[in-house]
Amino acid sequence: MKRIGSILLILLLSIATCSTAAAYPYGAGDAIVQDGLDYIRSCQHDDGGFAEAGRETNPGTSWFAVMAIVAAGEDPHNWRVNGTSAIDYWRSAPDATNPEGTAELGKMVTLVAAAGENPRAFNNHDYVAELRARMKTDGQFGDFVYTTYWGVFGLASAGEDTALPVAWLKKQQNEDGGYGWMAGAESDSDDTAAVIMALVAAGEPADTPAVARAIDYLGAHQMNDGSFNYGGTSSSNAASAAWVIQAIAATGEDPSSWSKNGNDPVTTLVTLQQPDGSFLWTTYTADNPCGMTARAIPALLGKPYPILPGQAAPDLQEPGRSAIAAPGATTVPQTTVPAAGSVAWQPVTVTDDYGEDVGLDAMPVRIVSLAPANTEILFALGLGDRVVGVTDYCNYPAEATTKPKVGGYSTVNIERVVAAHPDLVMAAFGNTEEVVNRLRDLGLTVITLSPDSVEGTLHDIRLIGKATGAETEAERLATSMEARIDAVKEKTKNVAKPPTVAHIVWHDPIWISGSNTFQDELITLAGGVNAFPDTEGWQIASLERFIATDPEVIVVNSGTGMGTEGVDLIYRYFMNEPRLKTMKAIQNNRVYIIESDLIDRGGPRLVDALEEVAADIHPDLFDADIRKNAPIPQSPGFGVIPLAFAFLAVLLIRLKR
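Definitions and limits used
Residues numbered from 1 in each chain as written. Predicted model: local features only at pLDDT ≥ 70, side-chain atom pairs only at ≥ 80, totals over all residues. Heavy atoms only, no water. Helix = DSSP H or I, 4+ residues; strand = E, 2+ residues; numbered from the N terminus. Buried < 20%, exposed > 50% of the residue type's maximum accessible area, 1.4 Å probe, protein only. Contact = heavy atoms within 4.5 Å. Areas by Shrake-Rupley, 256 points an atom, 1.4 Å probe, with all protein chains shown as cover. Salt bridge = Lys/Arg side-chain N within 4 Å of Asp/Glu carboxyl O. Expected span 1.5 Å × (residues − 1). Axes fitted to C-alpha atoms, helices over the stretch in contact; angles between N-to-C directions. Parallel < 35°, antiparallel > 145°, perpendicular 65-115°, else oblique. Left-handed = near helix turned anticlockwise from the far one by under 90°. Nonpolar A, V, L, I, M, F, W, Y, C, P; charged D, E, K, R; others polar. Core = buried A, V, L, I, M, F, W, Y, C linked by side-chain atoms within 4.5 Å. Phe/Tyr/Trp six-rings, centres within 6.5 Å; stacked < 30°, edge-to-face > 60°. Lys NZ or Arg CZ within 6 Å of the ring centre and 35° of its normal. Pairing = 2+ DSSP bridges. 1 Å grid on protein atoms, 1.4 Å probe; cavity = no way out; pocket = protein on both sides within 12 Å on 5 of 7 lines; lining within 4 Å. Points joined across faces, edges and corners; volume = space filled by probe spheres on them.

Attention now goes to the overall build of the protein. Within the protein, the secondary structure is distributed over 26 helices and 14 strands. Counting across all 657 residues of the protein, residues that qualify as buried make up 58%. Sequence-distant contacts, at least 24 apart, represent 66% of the contacts inside the protein between residues at least 6 apart. Of the roughly 25600 Å² that the protein leaves accessible, carbon and sulfur atoms contribute 52%.

This part covers the pattern of salt bridges. Counted by the stated rule, this structure contains 19 salt bridges. For Asp-352, the salt bridge is made with Arg-440, and the minimal N-O distance between the two is 3.4 Å. Taken together, the residues Asp-352 in the loop between strand S3 (348–351) and strand S4 (357–360) and Arg-440 in helix H17 (residues 433–441) connect sequence positions 88 residues apart. Since its relative accessible area comes to 4%, Asp-352 is described here as buried. Two residues, Lys-493 and Glu-490, come together in a salt bridge whose shortest N-O distance is 2.8 Å. Here Lys-493 falls in the exposed class, since its relative accessible area comes to 52%. With relative accessibility at 47%, the residue Glu-490 sits in the partly exposed group. Put simply, Glu-376, Glu-595, Asp-597, Arg-601 and Arg-605 are held in one network by salt bridges that share partners.

The next thing to look at is helix H14 (residues 289–300). Look at H14: 16 Å from first C-alpha to last across twelve residues, which is about the 16 Å you get at 1.5 Å a residue. Listed as buried for H14 are Pro-289, Cys-290, Gly-291, Met-292, Thr-293, Ala-294, Arg-295, Ala-296, Ile-297, Pro-298, Ala-299 and Leu-300. In this structure, the buried side of H14 is in contact with helix H2 (31–42), helix H3 (59–71), helix H12 (238–250) and helix H13 (265–270). At the C-terminal side of H14, Gly-302 shows a positive phi close to 75 degrees.

In this section: the packing of helix H8 (residues 145–157) against helix H10 (residues 189–201). The contact between H8 and H10 brings their axes to 9 Å, and the two run at 30 degrees. By the angle class used here, H8 and H10 are roughly parallel. As H8 runs across H10, the sense of the crossing is left-handed. Across the interface between the two elements, Val-145, Tyr-146, Tyr-149, Val-152, Phe-153 and Ala-156 of H8 pack against Asp-191, Ala-194, Val-195, Met-197, Ala-198 and Ala-201 of H10. Each residue belonging to the contact of H8 with H10 can be placed in one class, and the counts come to eleven nonpolar, no polar and one charged.

This part covers the nonpolar core. Counting 123 residues, the largest nonpolar core has Tyr-149, Ile-504, Phe-546 and Phe-574 as the members making the most contacts within it. Ranked by residues supplied to this core, first place goes to H12 with ten residues. Sequence-distant contacts of Phe-546, defined by excluding residues within four places in its chain, comprise Ala-502, Ile-504, Ile-510, Ile-512, Phe-532, Pro-551, Ile-554, Phe-574 and Met-583. With 55 residues, the next largest nonpolar core counts Val-358, Val-454, Ala-467 and Val-613 among its residues.

As a further point, take helix H6 (residues 102–114). For H6, built from 13 residues, the straight-helix expectation of 18 Å at 1.5 Å per residue is met to within 8% by its first-to-last C-alpha distance of 19 Å. Counted residue by residue, H6 has twelve buried out of 13 residues, so it is predominantly covered. When we look at burial in H6, the residues that qualify are Thr-102, Ala-103, Leu-105, Gly-106, Lys-107, Met-108, Val-109, Thr-110, Leu-111, Val-112, Ala-113 and Ala-114. On the buried face of H6, the contacting elements are H3, helix H4 (89–92), helix H5 (94–97), helix H7 (127–133) and H8. Two residues or fewer past H6, Gly-116 is found with a positive phi of approximately 80 degrees.

A complete count under the given rule lists 22 aromatic pairs for this structure. Ring centres of Tyr-89 and Trp-90 lie 5.4 Å apart, and the angle between their planes is 90 degrees; on these two criteria the pair is classed as edge-to-face. Residues Phe-532 and Phe-546 carry aromatic rings whose centres are separated by 5.8 Å and whose planes lie at 15 degrees to one another, so their mutual orientation is stacked. A residue pair is termed long-range when its members are at least 10 positions apart, and Phe-532 in the loop between strand S11 (529–530) and strand S12 (538–540) and Phe-546 in helix H21 (residues 543–549) qualify at 14 residues. Seen from the ring of Trp-150, Lys-107 lies directly overhead, with NZ or CZ sitting 5.0 Å from the centre. The residue whose ring lies beneath Arg-605 is Tyr-396, and the NZ or CZ to ring-centre distance is 3.7 Å.

Time to look at the sheet that holds strand S6 (residues 387–389). Within the open sheet, the four strands sit side by side as S6-S5-S7-S8. Their pairing is parallel. Only two strands of the sheet have a single partner each, and these edge strands are S6 and strand S8 (446–449). Averaged over neighbouring strand pairs, the angle between their axes works out to 30 degrees when direction is ignored. Alignment of strand S7 (residues 424–428) against S8, held across four bridges, turns out to be parallel. The residue of S8 that forms the bridge with Met-426 is Ile-447. Packing of helix H18 (residues 454–468) onto the sheet brings it into contact with strand S5 (367–369), S7 and S8, and relative to S8 it is tilted by some 170 degrees.

Tallied over the entire structure, the rule returns two cavities of 30 Å³ or more. What lines the second largest cavity is simply Val-501, Ala-502, His-503, Gln-519, Ile-523, Val-555, Ile-599 and Val-613. The set of elements that each furnish at least two residues to the lining of the second largest cavity consists of strand S9 (500–507) and helix H20 (518–525). At three residues, the largest contribution of residues to the lining of the second largest cavity is made by S9. By residue class, the composition of the lining of the second largest cavity is six nonpolar, two polar and no charged.

Glancing now at unusual backbone geometry. Both trends apply: most residues other than glycine have a negative phi, and most peptide bonds are in trans. Cis peptide bonds are those with omega within 30 degrees of zero, and the linkage from Tyr-396 to Pro-397 qualifies with -5 degrees. Mapped onto the secondary structure, Pro-397 falls in the loop between S6 and helix H16 (414–419). A cis amide bond links Asp-508 with the next residue in sequence, Pro-509, at an omega value of 5 degrees. As for its placement among the helices and strands, Pro-509 is situated in the loop between S9 and strand S10 (510–513). Even without being glycine, Asp-550 reaches a positive phi, approximately 50 degrees. Residue placement: Asp-550 occurs in the loop between H21 and strand S13 (553–557).

Honestly, that's just the spatial picture; any functional story needs more than this.
The structure is reproduced here in structure tokens:
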């Protein structure tokens, strides 16, 4: 018996040792990887590209899908639908073959190299030469940190010299050791992880001070669930976890040994996989499952970017560093609110923008707002003292910035929302249906708003007034806004030939506001004509198309396109880009800056945006003091919390607020 017991003990120890050794990185044949690949295969469309069912294929999701395929040791040429391969998509899709943005060009080189093709002779392009042409004399690609690390990924994958951009990246490291999406921006895990991978791919040793300090930054920002977020108080998510796991592996450390409260990022990422093989974005949110799954697979396989055919996972070891103090447990400062006892209240029922009937038996006195537009409405109705939680992006009025934060806009931190003990949650488009349903399942009262027009904004102001007992204030505000809108329409009604107007939300590449957007409606109300009426929503306009369209007036978002911080990057681009010098708006000095939050939010200040746009389009009809034609004054430095490399996607979500 003793001998049998000894044998069993040895076997158990052997099994345990093998299990531990094989835990991370996962192998391409492991079920979790194969299930993920099967889900990605279900996302492949007839053109060879990738997207969720019912969505059009796009370069973003398709890029990550190819990276996952190569990371698993498979050939994307062999992934075919009706004879069309995953690489054929990159030979034929217009938005893929001719990348407009600097980051997209870096991705193109990286992808072509990953597929085993020659990026110097693909689609009759020398994409490497085109990428190098985007590099400035100091090594920076484009205008940002994120465009530069994508440039490094591209050069490294093509075997090109990366010394200059690497030197530039090192100089952009913040005092806390992290990196932001642009020079001086607040550090975040996604961009920090991406820079680490870029530096390592360029040949920088893991003990290089820039890499070591960046790894320390990540260690200090590991969340209680062992995972990572993109910044602020947002919830942890699969995309951030994947980036960080890859960065840790790139430096030779085992990310599964990074423990916080007994949790590690690898295990937490694995728990996000669903029975169909897909990965959630956050614990409660499925956002682009195909894209999330394609991000997770290289991370689980231990393959940092750039990924090349046959690339082996790094040899990993447990970190030899001391544990770094990380942010403490979630705490939400409590806000004192007025008692409802002395206020007469009649139970009301409102129907929100998603058709949900929401009953309120008592006056809400503890309100959490999950969107900046909601927050602006609440404060405009005099309800600021009842607000006990806002998102990281709720920056107006100034009093809103002092309220406790409960996460990002599309990555709500549900734990923080619950900890605020709200009796009403004001949600919005972009918080996602899953989050709203989860909050309701937890017993919270939720009203969800999604204004898609000026009229919709006025409706929601009145709805919030009814739901909070501020109907008189809401009617006064809405009526005042309607009067100002009518005044603009009256002044512009006799305009014989409305000028063409383009509204720009970003410049690398150029993103314009097309039809069926707030901005399109404001242009029309202000007596103009959208220069891109055939483009629906927010879309990229190629430089050639933009020049050919030649709008008479150009209105650009302030700051970095997402606020008023720092220099006005978009304005600077349009005024300094040599290829735009012949355009009418440039020659006639008719490029105007508008505060991003005015024109992108469906709140009370939308009418301010209308008046400014009207004054830009028709300076002869409006008083000069309505708007200043000079650039908006900026304070030095930057303070935007980015969504990192997913910046453009999040920007488009913010435009729906």
